[in-house]
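# Descriptive structure summary
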Amino acid sequence: MSNDPLLQPYQLKHLTLRNRLMITSHEPAYAEDGMPKDRYRAYHVERARAGIAMTMTAGSASVSRDSPPAFNNILAWRDEVVGWMKKLTDECHDAGAAVMIQLTHLGRRTRWDKGDWLPSLSSTHAREPAHRAFPKLVEDWDIARIVQDFADAAERMKAAGLDGVEICATGHLIDQFWSPLTNTLDAPYGGNLDNRMRFTFDVLSAVRERVGPDYIVGLRYIGDEMMEGGISPDDGIEISRRLKASGLIDYLNVTRSQIATDAGLTDMIPVQGMRSAPHLDFAGRVRAEVQIPTFHASKIQDVATARHAIASGKLDMVGMTRAHLADPHIVAKILRGEEDRIRPCVGANYCLDRIYQGGMALCLHNPATGRELEQPQSIEKGDTRRRVVVIGAGPGGLEAARVAAERGHEVIVHEAANDPGGQIRLTAQSPRRQEMMQVIQWRVAECTRLGVTFHFNSYADADTVLADSPEVVIVATGGMPHTEVLDEGNALVVSAWDILSGDAQPGSNVLIYDDAGDFAALQAAEKIAATGARVEILCRDRTFAPEVMGMSLTPAMRALQQLDVTLTVTRKLNAVRREGNELLAEVGSDYIAATQERRVDQVVVNCGTRPLDDLYFDLRDGSVNWGEVDHGALIEGRPQTIRRNPEGTYQLFRIGDAVSSRNTHAAIYDALRLCKAL
């Protein structure tokens, strides 16, 4: 038996959980036709086999047809779900993990033009800012129907063999009733707290009657909306007491803030650069004052914080949900004494941001997550040892080196700079994004463990590469900023990289033209504006910084608005001319022919990168494949076998921005699926 607080079993009613680590309910959006099919099941089973005590499926599985999935949610109102959930549950049970599911009615947190085009509904006519749909004010027959829908869904989950259900009250219909900000109903469901909680107890009573007294029923809820006029911390404690006193629930899963706006959602689920575990103390207060089993998850991204949460008595079960997207084998590594090998969650929030833009959850630096059916979470050794030379020690190059070394190959890395990191070293110049360096640090540590040879300050040319006698060459040289985008005056501008690196000093009246829509322009703007400069960011898109996405944009927007940065959309930069000591910027549009002028002293352009590909083309003629990639083999996980050049002596590939300007995830994914089959 271990003395580690995280490894102690926990008794929840009749259910013995093998440790204190859980994956809280979340919707990775892997469902197909609203069902948790093979991809969904493989994701949860991977983590169950690695030792998690409990995995919760479906952040907000829909119980009603007028709660259409906003994030590719599981449709718990369909009888078909029972079979799929049973397959998932049985495999997780076989691996020793308990399984629960979260059930909800989204209320106004969806849209009427989703699903069956039924009107959304709520306890208010006011729209949720995030989804913009004005709901119908709920009627008595709606309430009766939805109460039964919750009970029906819970019965389906019990029939599927799940260990319990969790009812969701985090910005969804149930707590829309709770909050004075979103309940405009008259009695018996509006007015005082008794009335505002009546719907909750109607639902819980119906669920409990259907599943019986021994089945586990919990509730995830907002205990403090952190908004004036909303649910206060004291209100949250009183709500918690009433929930316990009802005898209808077995645990509380506590959180804070509200999710009707990007800013509120980001405060509930903090992203990179924000404080870790900001709501842990409040969850501990609930446990201490209410004396009920208490669960919690909110940026608990490292084992030390999780261990503290249990050892200090703040929680009974601790959720490390995004951390398990980054590394599904956290528990297994703890058990093996390999905590230092855990792939860290860096808070980039690529996972959730993708969901909220209609994609499926993907981890910025673990491309196997969500792709467990196609990509390995653990790399198997190959049959033949080969010499692999990688040029570039950015995220893609380091991943190529790591995976090739895991395959058992001899790996040599050349990097022109003093240190590894590539573009991430620039990204991490901003204090709020320093966590990104862990993407590099983890890979360097793994490569060192695996015996990869590094040559820094090595600006490799073709002769350098050939001197290593390679059998495989992977060019991961990245790209350089592209600023040649104007009709006139390209020589008068600097790049966002120039600002971030310090190669160009900030001006005092600056125009930033952002045609890439990514982090670089935001970081440059913040750095410049922090000097007291006047800054305007101009972009031709309809939305601002579209590649950054909502939750990750929140800290940047807070900083830029605090610094009074001007944001202008649907405008493009045509030309820059010098006039005396000023620059005259000609601003155009894709919509009209008329132009505007801006008089500034500095113009910054952010327009992605162009590949640093000279080395690749210098090496092509000596390669057996002339650099060609068999896309079918790449996608299907088969080795690359193209042989075009009988005189060639090595295979040649390029990855990441050395191919085209993309992002960190794309570079790492390129490397994983290429090198896992070497």
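Being a predicted model, the structure only gives us computed values, none of them experimental.

Definitions and limits used
Residues numbered from 1 in each chain as written. Predicted model: local features only at pLDDT ≥ 70, side-chain atom pairs only at ≥ 80, totals over all residues. Heavy atoms only, no water. Buried < 20%, exposed > 50% of the residue type's maximum accessible area, 1.4 Å probe, protein only. Helix = DSSP H or I, 4+ residues; strand = E, 2+ residues; numbered from the N terminus. Pairing = 2+ DSSP bridges. Right-handed = clockwise from strand over helix to strand, strands pointing away. 1 Å grid on protein atoms, 1.4 Å probe; cavity = no way out; pocket = protein on both sides within 12 Å on 5 of 7 lines; lining within 4 Å. Points joined across faces, edges and corners; volume = space filled by probe spheres on them. Nonpolar A, V, L, I, M, F, W, Y, C, P; charged D, E, K, R; others polar. UniProt positions renumbered as here; feature names shortened; annotations may be inferred. Axes fitted to C-alpha atoms, helices over the stretch in contact; angles between N-to-C directions. Salt bridge = Lys/Arg side-chain N within 4 Å of Asp/Glu carboxyl O. Arc of directions from axis to C-beta. Contact = heavy atoms within 4.5 Å. Polar contact = N/O pair within 3.5 Å; in protein donor to acceptor, adjacent residues only side chain to side chain. Patch = residues over 30% accessible without salt bridge, like charges linked within 9 Å, V, L, I, M, F, W, Y side chains within 5 Å. Areas by Shrake-Rupley, 256 points an atom, 1.4 Å probe, with all protein chains shown as cover. Lys, Arg positive; Asp, Glu negative; His and termini not counted. Charge placed at Lys NZ, Arg CZ, Asp CG, Glu CD. Domains from an automatic or database assignment. Buried area = accessible area lost by both parts, 1.4 Å probe. Disulfide = S-S within 2.5 Å. Core = buried A, V, L, I, M, F, W, Y, C linked by side-chain atoms within 4.5 Å.

This brings us to the pairing of strand β10 (residues 251-255). Here β10 lies mainly inside the structure; 5 of its 5 residues are buried. The pairing of strand β9 (residues 216-222) with β10 spans 5 bridges and is classified as parallel. Looking across to β10, one finds that arginine 220 is bridged to asparagine 253. With helix α7 (residues 233-246) bridging β9 and the parallel β10, this β-α-β connection has right-handed handedness.

Glancing now at empty space enclosed by the protein. Enumeration according to the criterion identifies 4 cavities of 30 Å³ or more in this entry. Looking at the largest cavity, its volume works out to about 580 Å³. In terms of lining, the largest cavity is formed by 38 residues, of which the most central are Ser25, His26, Arg220, Ile269 and Leu352. Those elements that provide at least two residues to the lining of the largest cavity are β4 (54-62), α8 (262-268), α11 (321-326) and α13 (350-356). When the residues that make up the lining of the largest cavity are grouped by side-chain class, the tally is 19 nonpolar, 14 polar and 5 charged.

On to the UniProt feature "domain: FAD/NAD(P)-binding" (unreviewed entry) in the chain. Per the UniProt record, the feature "domain: FAD/NAD(P)-binding" (unreviewed entry) sits at residues 370-486. As a span, residues 370-486 carries 30% helix and 17% strand, and end to end its C-alpha atoms are 40 Å apart.

What follows covers the sheet that holds strand β3 (residues 21-23). Paired through backbone hydrogen bonds, the strands of a sheet run either parallel or antiparallel to each other. Spatially, the 8 strands close up into a barrel ordered β3-β4-β5-β8-β9-β10-β11-β12, and their pairing is parallel. Ignoring strand direction, the axes of neighbouring strands in this sheet form an average angle of 25 degrees. For β10 and strand β11 (residues 294-296), the ladder comprises 3 bridges, and the chain directions are parallel. Its bridge partner lying in β11, valine 254 is registered against histidine 296.

Here the structure, examined in full by the defined rule, presents 54 salt bridges. Glutamate 139 is the partner of lysine 136 in a salt bridge, and the nearest nitrogen-oxygen pair spans 3.1 Å. What makes lysine 136 partly exposed here is its relative accessible area of 23%. Assessed through its relative accessible area of 35%, glutamate 139 is described here as partly exposed. Bridged by salt links that share partners, the residues Asp66, Lys136, Glu139, Asp142, Arg145 and Asp149 form one connected network.

Turning to helix α10 (residues 303-311), its buried residues are Val303, Thr305, Ala306, Ala309 and Ile310. The buried residues of α10 occupy an angular sector of 165 degrees when the element is viewed end-on, so they sit on one face. Pointing more than 90 degrees away from the buried face of α10 are the exposed residues Ala304 and Ala311. Structurally, α10 contributes buried residues whose contacts are with β3, α9 (280-290), β12 (317-319) and α12 (330-335). The N-terminus of α10 is capped by aspartate 302, whose side-chain oxygen sits 3.2 Å from the backbone nitrogen of alanine 304. Positive phi shows up at glycine 313, right after α10, with a value of about 80 degrees.

In this section: a negative patch on the surface. A surface patch of negative charge is lined by Asp461, Asp463, Asp614 and Asp618. Structurally, the position occupied by aspartate 463 is in helix α17 (residues 462-466). Note on aspartate 463: relative accessible area 59%, which makes it exposed.

What follows is about the domain arrangement of the chain. You can read the domains of the chain as domain 1 (5-357), domain 2 (387-464 + 611-676) and domain 3 (483-607). Using only C-alpha atoms to locate each centre, domain 1 and domain 2 end up separated by 40 Å. Contacts between the two partners involve 12 residues from domain 1 and, on the opposite side, 14 residues from domain 2. Contact with domain 2 buries area across many residues of domain 1, yet Gln272, Arg341 and Arg343 alone supply 49% of it, more than any other trio. Here lysine 299 and glutamate 435 are joined by a salt bridge, their closest N and O atoms 3.6 Å apart. Counting across the domain 1 and domain 2 interface gives 7 residue pairs in polar contact (both at pLDDT 80 or more). Among the residues making up the side of domain 1 that touches domain 2, the classes are represented as 5 nonpolar, 4 polar and 3 charged.

A few words on the state of the cysteines. Taken as a whole and judged by the stated rule, the model has 0 disulfides. Of all cysteine sulfurs in the structure, the one in cysteine 607 sits closest to cysteine 539, which takes part in no disulfide; the separation is 12 Å. Judged by relative accessible area, cysteine 539 falls into the buried class, the value being 1%.

Another aspect to go through is the nonpolar core. Among the nonpolar cores identified, the biggest contains 107 residues, and Leu103, Met157, Trp178 and Phe199 are the most heavily contacted of them. A total of 8 residues in this core trace back to one element, the largest contributor, which is helix α3 (residues 140-159). Among residues more than four places away in sequence, those in contact with phenylalanine 199 are Ile143, Ile146, Val147, Leu173, Ile174, Phe177 and Tyr189. Grouped together as the second largest cluster of nonpolar side chains are 39 residues, Tyr350, Val388, Met436 and Leu672 included.

In this structure, the second largest pocket encloses a volume near 500 Å³. Surrounding the second largest pocket, 21 residues form its lining, Ala130, His131, Asp262, Tyr356 and Gln357 being those nearest its centre. Broken down by secondary-structure element, the contributors of at least two residues to the lining of the second largest pocket are α8, α13 and α20 (550-562). Sort the elements by how many residues they give to the lining of the second largest pocket and α13 lands first, with 3 residues. When the residues that make up the lining of the second largest pocket are grouped by side-chain class, the tally is 9 nonpolar, 5 polar and 7 charged.

A few words now on the side chain of asparagine 366. With respect to the helices, strands and loops of the structure, asparagine 366 is situated in the loop between α13 and β13 (387-391). Asparagine 366 sits in the buried class, given a relative accessible area of 2%. Aside from chain neighbours lying at most four places away, what touches asparagine 366 is Leu325, Ala326, Asp327, Pro328, Arg343 and Gln377.

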